[in-house]
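# Topology and contacts: notes
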Amino acid sequence: MTAADTPAGARATALPATPTSMSTALPATPASTSMSTAVTGPPPPGAPGGGAVPETIRRIVSRPPDGGHISVARLDGTRTIPLRELHDRSGRLAHHLRDTYGIGPGDRIGILAANSLEWVLLDLAALRLGAQTAGLEPGKFTPSTALMDRYGLHLLCTDQPTDVPDTLTTDGIWRLTEPTGSADAPLPPVTWGARDVTTIKFTSGSTGVPKGLGATAGSIDSALTAVQEIFEHTPDDHLFVFLPLSLLQQRYWVYSALLHGHDVTVTTYEAAFATLRRVRPTVVMGVPAFYESARRTIDGRLRRSAGRTLPDVARALFGDRIRYLWTGSAPASPAVLRFFTEAGLPIYEGYGLNETCIVTKNHPGAHREGSVGKPVRGKEVLIGEDGVISVRSTHPVNNHYEYARPGDSEKVFSPDGTVRTGDLGHLDEDGFLFVHGRADDVIVLDNGKKVVVRPIEELMRADPAIAECVVFSPTQTELVAVVSPAARPADARAIAARLAATNAATAPDERISRVVVADPPFSIGNGLLTSQYKPKRPDIRAAYHSPLHTQEAGIHA
C-alpha cells in the first residue's frame, strides 16, 4: 500500500546470508521451512479471526462519522461535503441500487470512471448493501457487454458514453442521493465476514494482462488497523489522495476518514500540484514518480528564488501543515528520500503488493534508511534460501486469483494464502526489510555473472535529468539502459555524466555500455507506465527492440 500494491524498495547489489529468525508469532507452516522470518506481535484483542466481523468495516457501514469532510478536486473546481452527508447520501444511493437494480449481498457492481464523489458514493453504497465492487481503471477497460459478462457484473457504473444494458452513468448519481424530504428508511442490516470479498482489484499490469483478485474484508480491516496503530491519524489530519480509486489502497484513506473523522481530499495526478498548497494536507499519499516530479519543481523554484531556503520552497508547494509523506508501490530513490528529509518533510517508504496489501512500513516509531520498514501487525516476512520474499498474513487478501490464466494462482499463493512475491530481499538483525529487486530482473550474463539491475537503475535515476531507467541485456554480453528523460528535449550531457558516474560506482560486469534515450518519454498514454507510474519492462523492451540491438544507437560509455 501501498502500502502499496507492488514492490517499494531496491537497495543492495549483493544478497547477504539469511539472518536468524526474528519471531514466530504466527503458527509455522511448510512455507517457512529454511526461511528467516520477521513478524509483529499477535493481533490486538477483538481483532477479527475466521468468520468474525471486521470491526472497521462494521463501523463504516453501520454508523455515520463524527466529523470531517471529503473534497474532490479537479482542474475545473472542487466539491466538498461533510463526511456525515457522504454517509447519508450513500444510504440513499444504496436504496436506489437495491430498489431499481435489485443489488444485494454478493452482487457485483463495476465502477469504470475517473475519481469523483460519485465513485466514493458508489463504493460506500455497495459496502452498505453487502455487494462487491470491481474497480475498473479508465483506459484499461471500456464499457461493453463482454466486460460485464467477463467479470460477472450485475451493474456497470461509468462516466463514459455507452448504450450497454444495465449501466448507470455517474452524471446522474448525485441527483439520486438528494434528500427526499422525509426521513431516510433504514437499510437492511448487513454483516461482512472476515473472508467475504468486498471488491475485485486488478494488478497494475506491469508484467502483462491484469489479474483480478478478490480482496477480503478481513484483509482490509487488518491493514486499516495496522496503519492507524503506527501513524495515529486524528481529526486534525487531512489526507491527500490522487491515484485512481480503482486501486483499493486509495480507498483506504477514505475509509480512514470515515473511521477517524479527519478530512480527506481526492484529486487526480494531473491536478495534484495545483491543489496541494490550497488544500494544506497533513499527509500526502504518493508514489515515487510523484515525489521525483516534486523534487524537480522545488529545485527549479529554489534556483529562481534568491534567499529562500529548501524548507521554505518545499512548504510553498506542499502547504505548511505536512506531518509526513507516504510512498510505496515502486522503489523510491535514496536521493529523493534524503531530499525531502532535508526539506523538513518526513517521508516514509513501505512495501506491499496487490496480493499482500501493506506488508512493511517505515514510520516515526521505527525507521531505518535504505529499508522498507518492519512488518506491520499481522504480517510475517519470510526469506527463502534463494533470497525470495514470501509473506504470510493473519488475514490474507485471498489465496487465489479470481481472474487469471491457468496456473497463475499456484505460482503465487499457497493454500493458506502465503504469497511468494518474486522479490529478492533480506531482513537485518532488527527485522527491517531490505528489497533488492525482482528475481525476474536478475540478468545472467554469458560469463555466468548474475546482475541485479534495480540498484544500477537507482544510480541512474539519481540525476534529476532522468525520470526512469530500465536496464536490459539484449545479447547477454553487455548492459544497455533505456532512460526516460525528465524533460524535453533530453539533457544528453547530464545523462552521459550520470552514465559515467554510475559505471564508476559499480563492478565491471554491472557497468552500462550505452544508454538509449526514450522519445517520447515513458507515459501511461503510450503504454510504457502503469497507472502507478511504474515502467512496464516487457513493453519497453518491445518498443525499443531495434535500438537495444543496434550497437551504434544511444549514448556510449
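Further up the page is the structure itself.
Let us look at the structure shown here. (Residues numbered from 1 in each chain as written. Predicted model: local features only at pLDDT ≥ 70, side-chain atom pairs only at ≥ 80, totals over all residues. Heavy atoms only, no water.)

### Some thoughts on helix 14 (residues 492–504)
Applied cut-off: Put simply, DSSP H or I for four residues or longer makes a helix, DSSP E for two residues or longer makes a strand, and each gets a number counted from the N terminus. Residue count minus one, scaled by 1.5 Å, sets the expected span of a helix. Relative accessibility decides the category of a residue: with a 1.4 Å probe and only protein chains considered, values under 20% of the type maximum give buried, values over 50% give exposed, and everything between is partly exposed. Here the arc refers to the directions that run from the helix axis out to each C-beta atom. Every residue pair with non-hydrogen atoms within 4.5 Å of one another is taken to be in contact.
The first and last C-alpha atoms of helix 14 sit 18 Å apart over 13 residues, in line with the 18 Å expected at 1.5 Å per residue. Buried within helix 14 we find Ala-494, Ile-495, Arg-498, Leu-499, Thr-502 and Asn-503. Considered in projection along helix 14, the buried side chains sweep an arc of 165 degrees and stay on one side of the axis. Exposed and facing more than 90 degrees away from the buried side of helix 14 are Arg-493 and Ala-504. At its buried positions, helix 14 is contacted by helix 13 (454–461), strand 23 (466–472), strand 24 (479–485), strand 25 (512–517) and strand 26 (555–556).

### Some details on a positive patch on the surface
Using the following cut-off: Nonpolar side chains (Val, Leu, Ile, Met, Phe, Trp, Tyr) are joined into patches within 5 Å and like charges within 9 Å, using only residues with over 30% relative accessible area and no salt bridge. All accessible areas in this document rest on Shrake-Rupley with a 1.4 Å probe, and a residue is counted as covered only by the protein chains that are shown. Throughout this description, the term salt bridge denotes a Lys or Arg side-chain nitrogen within 4 Å of a carboxyl oxygen of Asp or Glu. Neither His nor the chain ends contribute to the count of charged residues, in which Lys and Arg are positive and Asp and Glu negative. Lys charges are placed at NZ, Arg charges at CZ, Asp charges at CG and Glu charges at CD.
On the surface, Arg-277, Arg-301, Arg-303, Arg-304 and Arg-308 cluster together into a patch of positive charge. Mapped onto the fold, Arg-308 is located in the loop between helix 9 (288–303) and helix 10 (310–318). Looking at Arg-308, the relative accessible area reads 40%, which means it is partly exposed.

### Overview of the sheet that holds strand 8 (residues 197–202)
The cut-off we apply is this: Pairing between two strands requires that DSSP report at least two bridges joining them. The axes are straight lines fitted to the C-alpha atoms, using for helices just the contacting stretch, and the angles between their N-to-C directions are given from 0 to 180°.
Read from one edge to the other, the open sheet built from six strands follows the order 7-6-4-5-8-9, with strand pairing classed as mixed. Only two strands of the sheet have a single neighbouring strand rather than two, namely strand 7 (167–169) and strand 9 (212–216). Shown here is a sheet whose adjacent strand axes are inclined to one another by a mean of 20 degrees, direction ignored. Here two bridges tie strand 5 (residues 132–136) to strand 8, and the two strands are oriented parallel to one another. Bridge pairing in strand 8 links Ala-134 to Ile-200. Seen against the sheet, helix 3 (residues 117–129) touches strand 4 (108–112), strand 5, strand 6 (155–158) and strand 8 and runs at an angle of roughly 170 degrees to strand 4.

### Some points on empty space enclosed by the protein
For the record, the criterion: In this analysis the probe radius is 1.4 Å and the grid spacing 1 Å, with only protein atoms considered; a cavity is a set of points the probe fits into but cannot get out of, a pocket is an open set with protein on both sides within 12 Å along at least five of seven lines, and lining residues have an atom within 4 Å of a point. Grid points are joined across faces, edges and corners, and a volume is the space filled by probe spheres set on the points.
Reported here for the second largest cavity is a volume of approximately 60 Å³. Taken together, Gly-135, Glu-137, Lys-140, Phe-141, Phe-202, Thr-203, Ser-246 and Leu-247 make up the full set of residues lining the second largest cavity.

### Let's talk about the side chain of Ser-333
Of note, Ser-333 is situated in the loop between strand 13 (324–327) and helix 11 (334–342). The exposure class of Ser-333 is buried, given its relative accessible area of 2%. Beyond its immediate sequence surroundings of up to four residues, Ser-333 is in contact with Glu-292, Arg-461 and Ala-462.

### Here we look at the sheet that holds strand 26
With mixed pairing, four strands are arranged side by side in an open sheet as 23-24-25-26. Single-partner strands in this sheet number two, and they are strand 23 and strand 26.

### Let's talk about the pattern of salt bridges
Enumeration according to the criterion identifies 26 salt bridges in this entry. Taking the shortest distance from any N to any O, the salt bridge between Arg-537 and Glu-457 comes out at 2.7 Å. With Arg-537 in helix 15 (residues 537–543) and Glu-457 in helix 13, the pair connects residues that are 80 residues apart, well separated along the chain. Residue class for Arg-537 comes out buried when judged on its relative accessible area of 15%. Classification of Glu-457 as buried rests on a relative accessible area of 3%. Through salt bridges that share partners, Glu-292, Arg-295, Arg-461 and Glu-468 make up one connected network.

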